[in-house]
Amino acid sequence: MNPATILLVDDDDGVRRILRKVLEAQSYRVLENGLPHEACAAFDADPPAIDLVLTDLKMPGMSGQDLAAHVWAARPGLRVLFISGYSDHTYVETLNGPRSRFLEKPFASDLLLKHVAALLADHPS
């Protein structure tokens, strides 16, 4: 079985580097982008290749929610894990649903991996 491919999107290079190391240590294939519009282009190049999108919520030019809307337009069942250090609890509940979860920064790597595994396990075939 091929490893799951995760599209990782965060405008903070340090955060992206750490997350990539954590995910690759678990044999996930990681495609990383620092800007959401670059992530959209990577996704659009081969939508079926992406198994999960892991995205920050607050980024320049486009929010993580806008990125999710973009990928869901092509693949409505694709799973998305939102991460952010700016948790406005008025909308956090809307991010936790059948195809997405929210994880507040900072978080432990084992919690990240637990959420990733749960979303991938629930991924439609």
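Cut-offs applied
- Residues numbered from 1 in each chain as written.
- Predicted model: local features only at pLDDT ≥ 70, side-chain atom pairs only at ≥ 80, totals over all residues.
- Heavy atoms only, no water.
- Buried < 20%, exposed > 50% of the residue type's maximum accessible area, 1.4 Å probe, protein only.
- Helix = DSSP H or I, 4+ residues; strand = E, 2+ residues; numbered from the N terminus.
- Pairing = 2+ DSSP bridges.
- Right-handed = clockwise from strand over helix to strand, strands pointing away.
- Phe/Tyr/Trp six-rings, centres within 6.5 Å; stacked < 30°, edge-to-face > 60°.
- Lys NZ or Arg CZ within 6 Å of the ring centre and 35° of its normal.
- Axes fitted to C-alpha atoms, helices over the stretch in contact; angles between N-to-C directions.
- Contact = heavy atoms within 4.5 Å.

### Examining the pairing of strand β1 (residues 5-9)
- In terms of burial, β1 is a largely internal element, 5 of the 5 residues being buried.
- The side-chain alternation of β1 yields two buried faces, one formed by Thr-5, Leu-7 and Val-9 and the other by Ile-6 and Leu-8.
- Across 5 bridges, β1 lies against strand β2 (residues 29-33) in parallel orientation. Paired with Thr-5 across the two strands is Arg-29, which belongs to β2.
- Between the parallel pair β1 and β2, the chain is carried across by helix α1 (residues 13-25), and the sense of this crossover is right-handed.
- Two strands pair when backbone bridges link them, and β1 and strand β3 (residues 52-56) are joined in this way by 4 bridges, in the parallel orientation. Looking across to β3, one finds that Ile-6 is bridged to Leu-52.

### Focus: the packing of aromatic side chains
- Counted by the stated rule, this structure contains 0 aromatic pairs.
- Above the ring of Trp-72, the side-chain terminus of Arg-99 is found at 3.6 Å from the ring centroid.

### With respect to the sheet that holds β2
- Taken in spatial order, the 5 strands of this open sheet run β2-β1-β3-β4-β5, and their pairing is parallel. Among the strands making up the open sheet, the edge pair consists of β2 and β5 (100-104). The average angle at which neighbouring strand axes cross in this sheet is 20°, direction not considered.
- Two strands pair when backbone bridges link them, and strand β4 (residues 79-84) and β5 are joined in this way by 5 bridges, in the parallel orientation. Bridge pairing in β5 links Val-80 to Ser-100.
- Of the strands in this sheet, β1, β3, β4 and β5 are in contact with helix α3 (residues 64-74), which crosses β4 at around 170°.

Everything listed here is a matter of coordinates, which is why it stays silent on function.
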